[in-house]
Amino acid sequence: MTAINVYNQRPADIAGQSPLHHAGFEQLIGKGRPNAGVRLRERKLLGHLTLRGDAKDPAFCGGVHQALGLELPVALGLVAKGETSLQWMGPDEWLLIVPRGEEYATELRLREALAGQHIQVVNVSGGQTILELKGDKVRDMLMKSTSYDVHPDNFPVGKAVGTVFAKSQLVIRHTAENTWELLVRRSFADYIWLWLQDACAEYGLAIEA
Amino acid sequence: MLNIFCPHCGELRSEEEFSPAGQAHIARPLNPEACSDEEWGEYLFFRDSPRGLRHELWLHASGCRKYFNATRHTVSYEILETYKIGEQPAFTEAAGKKSAAQGVSA
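Residues numbered from 1 in each chain as written. Chains lettered and ligands numbered in written order. Predicted model: local features only at pLDDT ≥ 70, side-chain atom pairs only at ≥ 80, totals over all residues. Heavy atoms only, no water.

Considering the sheet that holds strand β10 (residues 179-185) of chain A
Residues and elements named next belong to chain A.
Working step 1: As summarised here, the arrangement of the six strands in space is β8-β9-β10-β7-β1-β11, forming an open sheet in which the pairing is mixed. Every interior strand has two partners, whereas the edge strands, β8 (159-165) and β11 (205-207), have only one. Each adjacent strand pair in this sheet contributes to an overall mean axis angle of 30°, direction not counted.
Working step 2: With seven bridges connecting them, β8 and strand β9 (residues 168-176) associate as antiparallel partners. (Pairing = 2+ DSSP bridges. Helix = DSSP H or I, 4+ residues; strand = E, 2+ residues; numbered from the N terminus. Axes fitted to C-alpha atoms, helices over the stretch in contact; angles between N-to-C directions.)

Shown next as structure tokens:
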């Protein structure tokens, strides 16, 4: 019998604050250069759940599919259904991202479907945020920032890699053509935001709602 | 830049994503209480530093954050293989000597 304290970490009556709260994106909307090469939008306060288990165990794979309707992705994979996405983080670790407010119910559903198994579900929503980058010049900006090859031949849509980025670390997710997401840790968020402003300066950076 | 193959991610990644973590295949004594000071000291502090092939533990620190083993030549820095924890290396110093005796160069 385990004694895991599962509770709603972000009740509806508490306003959340993203790691980039201080950047004031709301005030920056529409102020960038027109036809900017990079358009940035923070997908803030989503539900992030770290899921760990044995991918070789059919009961685990089946349980995850039953709870989420998504198959566990293989190495460097990213699968999505609507606003929910499941990403491979390591051989026994996945990151599940659900819309804001759904993380508690999703965690309970996962725990129910995987009851009795040797698994772990951790709500890490407060620890990271997602920056969505769109535009023709996003790939050029990524090429300046990371040593990883971001050419579509090596980095197709539906791939996600953790790598070195601007001497820091983050996860790059290619979610659609000319659309990339950066999964940024809370403590690195301010640094990455400053880096992005500098790196995007030559292409023009626009903030979107 | 050196590219290292991560056996978990299944692709070559640049060296800066990794960090070395010392000698591999060090078995913890099954019964530490029964060890002499010398045996425990050997286990805890003493590491091989060969000139030649060395089996090492590496961490894919900014990728999948998993440990794996690598066989590296300490003179040329050539990494001959990487393999998951629990697997055995295909390249060993003993096997290398045999192939050298047969006139096969690595």
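Regarding the packing of aromatic side chains
Residue and element names in this part refer to chain A.
Working step 1: Under the criterion given, the structure shown has six aromatic pairs over all chains.
Working step 2: Centre to centre, the rings of Phe60 and Trp94 are 5.7 Å apart; their planes meet at 45°, and the pair counts as tilted. In this pair, Phe60 is assigned in helix α2 (residues 58-68) and Trp94 in strand β5 (residues 93-98), connecting sequence segments 34 residues apart. One exposure class covers both Phe60 and Trp94, and it is buried.
Working step 3: Centroid distance Tyr148 to Phe155: 5.6 Å. Interplanar angle 90°. Geometry classified as edge-to-face. (Phe/Tyr/Trp six-rings, centres within 6.5 Å; stacked < 30°, edge-to-face > 60°. Buried < 20%, exposed > 50% of the residue type's maximum accessible area, 1.4 Å probe, protein only.)

Things to note about the pattern of salt bridges
Residue and element names in this part refer to chain A.
Working step 1: Throughout the structure, instances matching the rule amount to 17 salt bridges over all chains.
Working step 2: In this structure, Glu83 and Arg43 form a salt bridge, with 3.3 Å as the shortest nitrogen-oxygen distance. Here Glu83 is found in the loop between β3 (78-81) and β4 (84-90), whereas its partner Arg43 is found in strand β1 (residues 38-43), with 40 residues between them in sequence.
Working step 3: The exposure class assigned to Glu83 is exposed, which follows from its relative accessible area of 53%.
Working step 4: Overall, Arg43 belongs to the buried group, its relative accessible area being 14%. (Salt bridge = Lys/Arg side-chain N within 4 Å of Asp/Glu carboxyl O.)

Let's talk about the nonpolar core
All names here are of chain A.
Working step 1: Core analysis: the largest hydrophobic core is formed by 56 residues, its most contacted members being Leu40, Met141, Leu142, Phe165 and Leu182.
Working step 2: Broken down by element, this core gets its largest block of residues, five residues, from helix α5 (residues 186-199).
Working step 3: Ignoring sequence-local partners within four residues, the contact set of Phe165 consists of Met141, Leu142, Ser145, Thr146, Leu170, Ile172, Leu182, Ile192, Trp195 and Leu196.
Working step 4: Of all hydrophobic cores here, the second largest spans seven residues; its members include Leu46, Met89, Val171 and Leu183. (Core = buried A, V, L, I, M, F, W, Y, C linked by side-chain atoms within 4.5 Å. Contact = heavy atoms within 4.5 Å.)

Things to note about the sheet that holds β5 of chain A
Residues and elements named next belong to chain A.
Working step 1: Across the sheet, five strands lie side by side as β3-β4-β5-β2-β6; this open sheet has antiparallel pairing. Each of the sheet's edge strands pairs with one partner strand only, and the pair in question is β3 and β6 (120-123). Mean inter-strand twist for the sheet, computed between neighbouring axes without regard to direction, equals 20°.
Working step 2: Note: strand β2 (residues 47-52) against β6, four bridges, orientation antiparallel. Of the residues in β6, the one forming a bridge with Leu51 is Val121.
Working step 3: Sheet strands in contact with α2 are β2, β3, β4 and β5, and its direction is about 160° off that of β2.
Working step 4: Strands β2, β5 and β6 of the sheet are contacted by helix α3 (residues 103-113), whose axis makes an angle of about 175° with β6.

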